[in-house]
Amino acid sequence: MVKDKIWITLHICLGQHHSLQMCWISRHCRLSSWVNITHQFSHRTRLERSRSRSLWIGSGRFRPSPSLPGRRFLITKATGSDIMAYRKVCDAQGGPLVGEALHCSGSLDLDWDLDKEELQEPGPSMDRMQMQHVDCQRSGCSDPGPDPDPELMEPIQPSVSVSPHGRFERLQEDPNYISHFTRAPALKGQRRLHCFLLRYFLAAVGLFVLGLLIGWFTHTPNVKPPVPPSDSSDLLEELLRRITADKIDALQRSFSSLSDDSEEARARYLYRQWVGLGLTDVHLSNHTVLLSLPGSTPNTITDRSSHQCFLPNGIPCDQRGPNDLPKQQFSYAAYSAVGSLQGEVVDVQYGSVDDLRRAKDTLNLTNQIAVVKLGQAPLLYKLSLLSELGFGGALLYIDPCDAPPGRHTWNQAFRVTLNPGGNPAIAGVSREAGGSLTSLLVQPISAFLAKTLLSSPSTGQGGSCIPLAMSPNTERKKITLTVENQLSYKKIYNVVGYLKGRRNPDRYVLVGSRHDSDQGGGASAIMNQLIAALTEQAKRGWVPDRTTVFCSWGGSALGNIGSYEWGKDNSVVLQSSAVAYVSLNSPVRGTETLRATASPTLLQLTSDIQRRQLLSCIRGGNCPGPNVSSLQLPGDVSFFANQLAVPTVEFAFEQTKAEETTSFLSEAQFSVESPKTLDPLFKFHETIAKMTAEAILRLVNDPVLPFYPLDIALDVQNKLKEKSVVSPSLLSSASSLRDHAAFFQSETMRPANDPKERDPSHVRMLNDVLRDLEKSFIIPQAPSGVYRNLLYSLPGKTPQFSILRFSQEAVLHCSVTSKTVKHNKEVLCHSTMNQSLSLILRAIRSAERLVCFGLDLFENYPNDTK
C-alpha cells in the first residue's frame, strides 16, 4: 500500500462549448494507493458530513446542487464486475482536455459523503480500474470516446447554466501537481473562514439597519392622517360635522372681546386668524376713502308753529339724556346734502309715481320736505324722483305695519347711505363740494315722529294695523330740517385669503362677509368657522378643484366701499375668472324666516340645499317650505351681481314678511343687536354656516358647475307673462332660448357629468359657457338703485323685468313733471316701452347665441379616445 495521502477534489468545469464529456477523475491515481486513499477519504468525509451540500452517493451518483441549477455530477459504480468507476461530467467549451486536472474559476469544491460499505476493497476490480486509468493516461482525455453505458449514467439535462465568473481555467500540468492537491484543504478552510466573516458582517449590518428602522418607526407618530373619502357625499358629511354652534359661539366671543373696536383692529385680527387657520395666501389691504359721518351736534327737526325741537327718534331736544347721544349719532343719512331747510311737510307715502302724481296735482312741491316710507322700490330711485320734482328735503321712516314682528321701530331711528357703491371721492365728490351725492337734505326719523309731523290718527300698533297717513283736510306742518354731517378721509381695510384649487386654480368662488364695527352680525364668526372646516379637510388630503377666495370687506355700511374698490382693482381678472359669489352680508337678522336669494342660474342648487337643511330644522319639523327668489340683494354682493353678472347666492334668517311692502326695509340700518341676543344658542348661525358650506363645496368641487341654463330661460318666460306689452318676436325668442337651453342642458351638461366622458378641456369650455350666460343680461344703464342685471327683479306679486316696470313709470313721470329733466334724462324720459323691450330682446338673443355656440362647439367633440 502506498502511504501517499491524496485528496480527491471535484472541480466544476465550464468551457466555451456546450458539449458534455466524460473523463476519469485523475490520471495520478495508482491502484497500489487506492485502499489508503479510500480509507483516508472515508475518515475525511465523516468529519465533514454536516457540511455536505446535498451531494450523496447512495446509488452511485450525485444529486445536483440547488445553488447550481442545471449542473449534474455523476459517479458510476460497476455492478457486474465490481468495478467502481468515477466519472465527472464536464461542460467543455474549449478544445480537447489534454489529460490535465481542472480547476473551476469559482474555486467551488464538492465534498463527497461516502459510506464505508460503498468503498470497494482492492482486488480484481482494481486491476481493471488501472487498465482504464492507463487508457485515460494514453488518451489524455482528449477524446471523450464512445458514449458511456446508459445504464451506468443518469441522463444529462439539456440546459446547462453558465457560470457568472466566465470560463474554467486549466491547471498547468507539472510534477508538483500532487502538492497542489495537498494544499487544497487549507485553502478551502480559508475560504470558509472568509465566508463566515462575510456572513457575520452582513448579519451585523442587517441588524444595524433593522434597529434604525425600528427606532424610526417607534419615534414616528403611528396615527396617519386619514385621507378624506373620495365620495363627495362623505366629504360633505364630514365637512358639516365639523361645523357646530359651540365653535361659532367661541369665535364670536373672541371677535367681540377685542379691546380696540376700530375697523383696523378687527381687520388685523381676522388677518391673524386666517393665517393661523391654514390659509397660505392672505392679504390685508387698505383704501383711503371719503366717509360721511355724523356731526358734532345731532341733526334736528323743528316745528315752526310750536317751536318744538325734536331729535330724529322723536324725543324733544331739551329732554335728551347722556345715553341718547350715541343713538342720535347713528341716525343719519350718509352723503346727504348738509345745511338747513324750511318747508312744508308733504305726505308721499312710498314715493311711487302714482303717489307723486297725486301730490303734484294739488301742491307746489318746490323746496318742500317729503315724508317717505321705505319699501316697494329702491331708496335711491325714490330720491331721484323727488329731486326731479323739486323737493328740497326728505324724511324717511318705516311704517309699523311693515316692520318685522319684534322689531321696535316706533321710537327708533336708523341710518341709510346714499352711496350707490365705491369711494365717493373717485366719483368727483369732495369735501369742498359738500360731499353730497344728492341735492336733497335727507334724514331718517322714527315712526313716532312721522305720526306727529303727519298728524295721523293711526297708532300703527295693535292687531289690525292701520298704515300711517295724513288726513285729506289736515293742515300741513311747517318745519326746519337741519343736517350737520361731516366728511373726512379715512382708511378702510379688506382682508382677502385664498384656498388654492388644483385643476382650475384660475377659477374663483368668492365668499364675502363684512367686519364693520357695528354691522358684524355674526358674519365674521361664521366665516372663520367655514375657513377652519375647509382648511381642516385640506390638511387631511382634500384639494378643491377651483380656488376659494374668502373676503371680509370694510366700509360696507356706507356704500359697500371695500368690495367696490377691490372689485374695480381686479375687474379684468374677475371678468374671466369669477365663477360665483356666496354672500354672508347679514346671515342672522331675525329668527322667523329662512330665506334664500339667488340668481336664476343657481335657483335649483339653492332650492336643493334649503330643502335638505329644512328636513332637520330648528323647530322640530314645523318648517316652512323652500323660499328661493331672484330679487336684487343689498350689501357687498351688489358689485359682483350688478357690474360683473357673477351668479350669486345668499342664505339668511330674517324677521320680515315676504311681501312687496317690506322688501327694501333692509336698506335701513339699525343699531345692531348682539348675535348672542338674537340667537343665544347659535343654532341659526350653525344652520346658515352649513348651508353656505354646502354651496361652497358644490361650487368648488363639481366638475361641471351646478348652473342650469334652463332655469334662466324659464325665468325669462315667467317675466314676460304680461303679453299686453310683449311683442310676438320677443315671445318667440324667449321660446327659442328655452328649447336650446333644454337641449344644451341634456345633451351637453349631462354627458359631461359622466366620468368616462369628463375630458378636462371639454369640461372647462363647458363651464365657461355656463359662467358667461348671465353676462348677456347686463344692460348699459338702469334707474338709480336698480340692478343693470335684468335677471334680478324687484319684489312684487307678479314677476316682471324691472326695466319694464320703471319704463312705464318713467313715461308717467315725464308727463307729470313740470321742468326739464336734467339727471338720468335718457333713462327716465326717453327709455320708452319699445326701447326697454328692445334691450330685453337683445339680451335674450345674446344668451341664445351663446348657448348655440356651446352646442356647435361640442357637437363634433370626441367623447371617447380610441
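Going by what an unreviewed UniProt entry lists, the protein chain is known as N-acetylated alpha-linked acidic dipeptidase like 2 and is assigned to Seriola dumerili.

Colleague: Where do I start with the sheet that holds strand E21 (residues 546–553) in this structure?
Modeller: The strand order E9-E19-E21-E20-E22-E25-E23-E24 describes an open sheet built from eight strands, whose pairing is mixed. If you trace the sheet from one side to the other, it starts and ends with strand E9 (281–293) and strand E24 (628–629), each paired once. Note that E9 and strand E19 (residues 486–499) share 13 bridges and pair antiparallel. Residue pairing across strands places Ser292 opposite Leu487, the latter belonging to E19. Sitting on the sheet, helix H11 (residues 523–539) touches E19, strand E20 (504–514) and E21, and the angle it makes with E20 is about 150°. Packing against the sheet, helix H20 (residues 760–772) makes contact with E20, E21 and strand E22 (578–583), and its axis sits at approximately 35° to E20.

Colleague: I would appreciate a short explanation of the packing of helix H5 (residues 245–256) against H11 in the present structure.
Modeller: For any two helices packed against each other, the geometry is given by the interaxial angle and the distance between the axes. Two elements in contact, H5 and H11, have axes separated by 8 Å at closest approach and are oriented at 125°. Classed by the angle they form, the pair H5 and H11 counts as oblique. Along this stretch, H5 crosses H11, giving a crossing that reads as right-handed. Contact residues: Lys247, Ile248, Leu251, Gln252 and Phe255 in H5; Ser524, Ala525, Ile526, Asn528 and Gln529 in H11.

Colleague: How should the state of the cysteines be read in this particular structure?
Modeller: Put plainly, a disulfide is one covalent bond tying together the sulfur atoms of two cysteines. Under the defined criterion, the tally for this structure stands at one disulfide. A disulfide bridge connects Cys309 with Cys317, and the sulfur atoms are separated by 2.1 Å. Residues Cys309 and Cys317 are joined by a disulfide whose S-S torsion is about -55°; by sign, that bridge is left-handed. Accessibility expressed as a relative area gives 21% for Cys317, which makes it partly exposed.

Colleague: Help me understand the pairing of strand E13 (residues 339–347) in this model?
Modeller: In the case of a regular strand, side chains alternate between the two sheet surfaces. Pairing geometry for E13 and strand E18 (residues 478–483), over six bridges, is antiparallel. Considered in E18, the bridge of Glu344 is made with Lys478. Direction of pairing for E13 relative to strand E14 (residues 369–373): parallel, over a ladder of three bridges. Across the sheet, residue Val346 finds its bridge partner in E14, namely Ala370.

Colleague: When you look at helix H10 (residues 447–454) in this model, what are you seeing that I'm missing?
Modeller: Given 3.6 residues per helical turn, the α-helix brings residues three or four places apart onto the same face. Three or more residues of H10 are buried, namely Ala447, Leu449, Ala450, Leu453 and Leu454. All buried residues of H10 lie within an arc of 160° about the axis, which places them on one face of the element. Considering only its buried residues, H10 is in contact with strand E10 (300–303), strand E11 (308–310), E13, E14, strand E15 (393–397) and E18. Following H10 by one or two positions, Ser455 adopts a phi angle in the positive range, close to 55°.

Colleague: Can you help me understand the sheet that holds E18 in this one?
Modeller: Two pairing modes exist for strands in a sheet, parallel and antiparallel, and in both the strands are linked by backbone hydrogen bonds. The sheet built from seven strands is open, its strands ordered E11-E10-E18-E13-E14-E15-E17 with mixed pairing. Edge positions in the sheet fall to E11 and strand E17 (441–444), since each has one partner strand and no second. Strand-to-strand twist of the sheet, defined as the mean angle between neighbouring strand axes without regard to direction, takes the value 30°. On the sheet, H10 packs against E10, E11, E13, E14, E15 and E18 and is oriented at approximately 125° with respect to E15.

Colleague: Please explain the pattern of salt bridges as it appears in this structure.
Modeller: Where charged atoms from two side chains of opposite charge approach closely, those side chains can pair. On inspection of all chains with the given rule, the structure shows 28 salt bridges. Of the charged contacts in the structure, one is a salt bridge between Asp303 and Lys477, with a shortest N-O distance of 3.7 Å. In this pair, Asp303 sits in strand E10 while Lys477 sits in the loop between H10 and E18, placing the two residues 174 residues apart along the sequence. Accessibility expressed as a relative area gives 22% for Lys477, which makes it partly exposed. Each member of the salt-bridge network shares a partner with another, and the members are Asp506, Arg507, Arg764, Asp768, Arg771, Asp772 and Lys775.

Colleague: Mind showing me how you'd approach the environment of Tyr708 here?
Modeller: Structurally, Tyr708 can be placed in the loop between helix H17 (683–701) and helix H18 (709–719). Overall, the relative accessible area of 17% leaves Tyr708 in the buried class. C-alpha of Tyr708 to C-alpha of Leu770: the two residues are 62 residues apart in sequence and 7.8 Å apart in space. The residues contacting Tyr708, other than those within four sequence positions of it, are Thr601, Gln604, Leu605, Arg698 and Gln745.

Colleague: What is the right way to look at the packing of helix H6 (residues 263–277) against H11 in this model?
Modeller: It is the contact of H6 with H11, at a shortest axis distance of 9 Å, that shows an interaxial angle of 20°. Judged on the interaxial angle alone, H11 and H6 are roughly parallel. Once H6 is placed against H11, the crossing between them reads as right-handed. Here Leu270, Gln273, Trp274 and Leu277 of H6 come into contact with H11, specifically with Ser524, Met527, Asn528, Ile531, Ala532, Thr535 and Lys539. Residues that form the contact of H6 with H11 fall into these classes: six nonpolar, four polar and one charged.

Colleague: Just to check I follow, could you spell out the confidence of the model for the protein chain for this structure?
Modeller: Caution applies to low-pLDDT parts of the model: their predicted coordinates are not meant to be read in detail. On average, the protein chain scores 75 in pLDDT, and the residues at 70 or more come to 65%. Below a pLDDT of 50 lies the segment residues 1–186, which in the model reaches 270 contacts outside its immediate sequence neighbourhood of four places, other chains included. Considering only residues more than four positions removed or in separate chains, one finds that residues 222–230, a stretch of pLDDT under 50, has 10 contacts.

Colleague: Looking at this structure, I do not really get H11. What am I missing?
Modeller: Between its terminal C-alpha atoms H11 stretches 24 Å, which fits the 24 Å expected from 17 residues at 1.5 Å a residue. In terms of burial, H11 is largely enclosed, as 13 of its 17 residues are buried. Residue Gly541 follows H11 closely and has a positive phi angle near 120°.

Colleague: What is the right way to look at the environment of Pro467 in this model?
Modeller: With respect to the element layout, Pro467 can be found in the loop between H10 and E18. Not counting the four nearest positions on each side in its chain, Pro467 is found in contact with Lys373, Asp399, Cys401 and Ser458.

Colleague: Can you walk me through the side chain of Ser733 in this structure?
Modeller: Within the element layout of this structure, Ser733 appears in helix H19 (residues 728–752). Ser733 sits in the buried class, given a relative accessible area of 7%. Excluding residues within four positions of it along the chain, Ser733 makes contact with Leu841, Ile844, Arg845 and Glu848.

Colleague: Would you mind showing me how to read the pairing of E14 here?
Modeller: Across the five residues that make up E14, a large majority, five, are buried. Both faces of E14 are covered, namely the face carrying Ile369, Val371 and Lys373 and the face carrying Ala370 and Val372. Across five bridges, the pairing between E14 and E15 is parallel. Looking at the pairing, Val372 lines up with Leu396 of E15. Viewed along the sheet, the connection from E14 through helix H9 (residues 379–388) into E15 turns out right-handed.

Criteria and thresholds
Residues numbered from 1 in each chain as written. Predicted model: local features only at pLDDT ≥ 70, side-chain atom pairs only at ≥ 80, totals over all residues. Heavy atoms only, no water. Pairing = 2+ DSSP bridges. Helix = DSSP H or I, 4+ residues; strand = E, 2+ residues; numbered from the N terminus. Contact = heavy atoms within 4.5 Å. Axes fitted to C-alpha atoms, helices over the stretch in contact; angles between N-to-C directions. Parallel < 35°, antiparallel > 145°, perpendicular 65-115°, else oblique. Left-handed = near helix turned anticlockwise from the far one by under 90°. Disulfide = S-S within 2.5 Å. Buried < 20%, exposed > 50% of the residue type's maximum accessible area, 1.4 Å probe, protein only. Arc of directions from axis to C-beta. Salt bridge = Lys/Arg side-chain N within 4 Å of Asp/Glu carboxyl O. Nonpolar A, V, L, I, M, F, W, Y, C, P; charged D, E, K, R; others polar. pLDDT = per-residue confidence, 0-100. Expected span 1.5 Å × (residues − 1). Right-handed = clockwise from strand over helix to strand, strands pointing away.

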